[in-house]
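Chain by chain, the residues run as shown.
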Amino acid sequence: MEYIFSKLKGDKWIWIIVILLSIWSLLAVYSSVGTLAYKEGKGTELYLFKHLFIVVAGLVMMYLSHKLDYRYYAGISKLLMVITIPLLLYTLLFGSKVNEASRWLTIPVINQTFQTSDLAKLALITFLARMLSRKQEEIKDVKKSFIPIMGAVCFVFVLIAWANLSTALMLFGVSVLLLLIGRISFKQIAVVCLGGGVLLMLVIFLGPRRATYMSRVQGFFTTEEVHDGKTSFQDDKNYQANNAKIAIATGEMFGKGVGNSVQRNVLPHPYSDFIFAIIIEEYGTIGGAVLLFLYIALMYRCIRIVTLSPRAFGAFLAAGLGFSLTIQALANMAVAVGLGPVTGVPLPLVSMGGTSILFTSVALGIILSVSRNVEELKVKEDKVVEKAPRKVVVGTI
């Protein structure tokens, strides 16, 4: 283990948390893909090995991205934005539609789907970190700082929200947090929130998925649907949420044991959107609490990197990417336990999903790159102190 960690730079606790989440992901996904395998006529081992390949690929991408000096990501962020915006537009117009949502692009050669919003999250956060760090001296200037920064945020928000409102809202929330950290004035942030609210209303009432959004919000505030005087559980708008609650309730304190979930055969997406409910059913409330603690610990380590980073760009990167991963995890867990309407947000590093795992791994690699830089600067400072000549004070007794 010492040899392995000697090759892994950056915050060691983040590496440990990622490894633990990856192992847990393999167990949880393998346990919950039985129904999917039956529908597709394939073995569960096929999905396990496919997921294992993606997890390993994610760890490799995390390692490679953490080896690159984080300052290079300032230039890369511009390129990512140039690529992301056309891809989002193309996805809206010609993307693969699932449940009236154009979120995916199909890669022709390997015939695999690619969710462009995952790339957009990484691109926008790195771009915001670059803009905020470079405009600190004129951060209060509306024309030079506020309008260029918010133009990028609002444009990406609309492009994502049109087909994926939950992801767009979380990205907008992370952007507002970065603006607060970046010393944007409260008046300007209030204008941002007001503008975001207007855009949100337009998407909800005029967007192509307005019926889905209204149904989910209405379902969140109602408990049952009545047909001819009888309640139909199967037709209930809360069908997914109710089965998730059953999984959580039957898991009790210590769970049913690994691989013993019952609700995995009922929930539509037990391996992605509702994997947290399956984890609590199998590992109990204690297992769910441990998983929650891992994400909170991850956020704590990111905040620690923010406080130690000597450069503004590194601090903004660690803060933005850390908040993004943690908020996404909390949103997924909140939906599973009934604290929010149903969304299609996966649990970072745990849910099955190729692009989600890969881009999450890159985001963590960038955070570790900032941490690696902090450690290297500390080592240099320690060496300078050691080489500094010591003054000998000669006095009389």
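Since this is a predicted model, take the numbers as computed values, not measurements.

### Notes on a positive patch on the surface
In step 1: A cluster of like positive charges, contributed by K7, K9, K12 and K67, occupies part of the molecular surface.
In step 2: Assignment of secondary structure puts K9 in the loop between α1 (2-7) and α2 (12-32).

### Examining unusual backbone geometry
In step 1: For R183, which is not a glycine, the phi torsion comes out positive at approximately 70°.
In step 2: Its location among the elements puts R183 in the loop between α8 (165-181) and α9 (186-206).

### Regarding the nonpolar core
Note on soluble globular proteins: their nonpolar side chains tend to be buried together.
In step 1: Formed by 102 residues in total, the largest nonpolar core has its most connected members in L291, L347 and L364.
In step 2: Residue contributions to this core peak at 15 residues, all from helix α12 (residues 275-308).
In step 3: Every residue in contact with L364, bar those within four places of it in the chain, is listed here: I14, V18, M62, L298, L325 and L349.

### With respect to the environment of C193
In step 1: Tracing the chain through its elements places C193 in helix α9.
In step 2: A relative accessible area of 40% places C193 in the partly exposed class.
In step 3: Residues C193 and V176 lie 17 residues apart in sequence; the distance between their C-alpha atoms is 8.1 Å.

### Brief notes about the UniProt feature "transmembrane region" (unreviewed entry) in the chain
In step 1: UniProt's entry tags residues 12-34, 46-64, 76-94, 168-184, 189-207, 274-300, 312-337 and 349-370 with the feature "transmembrane region" (unreviewed entry), counted in the numbering of this structure.
In step 2: The span residues 312-337 is 96% helical and 0% strand by assignment, and the distance between its end C-alpha atoms comes to 37 Å.

### Some remarks on helix α11 (residues 239-251)
In step 1: Between its first and last C-alpha atoms α11 spans 19 Å; for 13 residues at 1.5 Å apiece the expected length is 18 Å, and the two agree.
In step 2: Buried residues in α11 make contact with α12 and α13 (312-336).
In step 3: Once α11 ends, the next one or two residues include E252, with phi positive near 50°.

### As for the packing of aromatic side chains
For any pair of aromatic rings, geometry is given as the distance between the ring centres together with the angle between the planes.
In step 1: For the structure on display, the rule yields three aromatic pairs.
In step 2: Relative to Y283, the ring of W24 has its centre 5.4 Å away and its plane inclined at 70°; by these criteria the two rings are edge-to-face. With W24 in helix α2 and Y283 in helix α12, this pair connects stretches of sequence that are 259 residues apart.
In step 3: Residues Y70 and F313 carry aromatic rings whose centres are separated by 6.0 Å and whose planes lie at 20° to one another, so their mutual orientation is stacked. Of the two residues, Y70 is situated in the loop between α4 (44-67) and α5 (72-94) and F313 in helix α13; the sequence distance between them amounts to 243 residues.
In step 4: Residue Y70 is classed as buried on the basis of its relative accessible area, which comes to 1%.

### What to know about the pattern of salt bridges
In step 1: Across all of its chains, the model carries six salt bridges by this definition.
In step 2: Where D69 meets R71, a salt bridge forms, and the shortest distance between an N and an O atom there is 2.8 Å.
In step 3: A relative accessible area of 41% places R71 in the partly exposed class.
In step 4: For the salt bridge of E282 with R264, the shortest nitrogen-to-oxygen distance reads 4.0 Å.

### A closer look at the packing of helix α6 (residues 116-134) against helix α7 (residues 142-161)
In step 1: Two numbers describe how α6 lies on α7: the axes approach to 10 Å, and their chain directions differ by 170°. Classified by the angle their axes make, α6 and α7 are roughly antiparallel. Of the residues in α7, those touching α6 at S117, A120, L124, F127, L128, M131 and L132 are P148, I149, A152, V153, V156 and I160.
In step 2: Residues that form the contact of α6 with α7 fall into these classes: 12 nonpolar, one polar and no charged.

### So, the environment of S175
In step 1: Within the fold, S175 resides in helix α8.
In step 2: In this structure, the C-alpha to C-alpha distance between S175 and C154, residues 21 residues apart in sequence, is 9.9 Å.
In step 3: In contact with S175, other than residues within four places in its own chain, are L124, L128 and V153.

### Let's talk about a nonpolar patch on the surface
In step 1: A contiguous nonpolar surface patch, about 790 Å² in accessible area, is contributed by W162, L194, V198, M201, L202, F205, L206 and M214.
In step 2: At six residues, α9 tops the list of elements feeding residues into the nonpolar patch.
In step 3: Position of V198 among the secondary structure elements: in helix α9.
In step 4: By relative accessible area, V198 is classed as partly exposed at 47%.

### Here's the deal with empty space enclosed by the protein
In step 1: This structure, assessed with the given rule, holds four cavities of 30 Å³ or more.
In step 2: In this structure, the largest cavity encloses a volume near 130 Å³.
In step 3: Considering the residues around the largest cavity, the lining is formed by D118, K121, L122, I125, L321, S324, L325, Q328, S356, F359, T360 and A363.
In step 4: Contributing elements (two or more residues each) for the lining of the largest cavity: α6, α13 and α14 (354-387).
In step 5: Per-class residue counts for the lining of the largest cavity are six nonpolar, four polar and two charged.

### A short note on the packing of α2 against α12
In step 1: For the pair α2 and α12, the least separation of the axes is 10 Å and the interaxial angle reads 155°. Taken together, the axis directions place α2 and α12 in an arrangement best described as roughly antiparallel. As for how α2 packs across α12, the hand of that crossing is left-handed.
In step 2: A class-by-class count of the residues in the contact of α2 with α12 yields 20 nonpolar, three polar and two charged.

Rules of the game
Residues numbered from 1 in each chain as written. Predicted model: local features only at pLDDT ≥ 70, side-chain atom pairs only at ≥ 80, totals over all residues. Heavy atoms only, no water. Patch = residues over 30% accessible without salt bridge, like charges linked within 9 Å, V, L, I, M, F, W, Y side chains within 5 Å. Areas by Shrake-Rupley, 256 points an atom, 1.4 Å probe, with all protein chains shown as cover. Salt bridge = Lys/Arg side-chain N within 4 Å of Asp/Glu carboxyl O. Lys, Arg positive; Asp, Glu negative; His and termini not counted. Charge placed at Lys NZ, Arg CZ, Asp CG, Glu CD. Helix = DSSP H or I, 4+ residues; strand = E, 2+ residues; numbered from the N terminus. Core = buried A, V, L, I, M, F, W, Y, C linked by side-chain atoms within 4.5 Å. Buried < 20%, exposed > 50% of the residue type's maximum accessible area, 1.4 Å probe, protein only. Contact = heavy atoms within 4.5 Å. UniProt positions renumbered as here; feature names shortened; annotations may be inferred. Expected span 1.5 Å × (residues − 1). Phe/Tyr/Trp six-rings, centres within 6.5 Å; stacked < 30°, edge-to-face > 60°. Axes fitted to C-alpha atoms, helices over the stretch in contact; angles between N-to-C directions. Parallel < 35°, antiparallel > 145°, perpendicular 65-115°, else oblique. Nonpolar A, V, L, I, M, F, W, Y, C, P; charged D, E, K, R; others polar. 1 Å grid on protein atoms, 1.4 Å probe; cavity = no way out; pocket = protein on both sides within 12 Å on 5 of 7 lines; lining within 4 Å. Points joined across faces, edges and corners; volume = space filled by probe spheres on them. Left-handed = near helix turned anticlockwise from the far one by under 90°.

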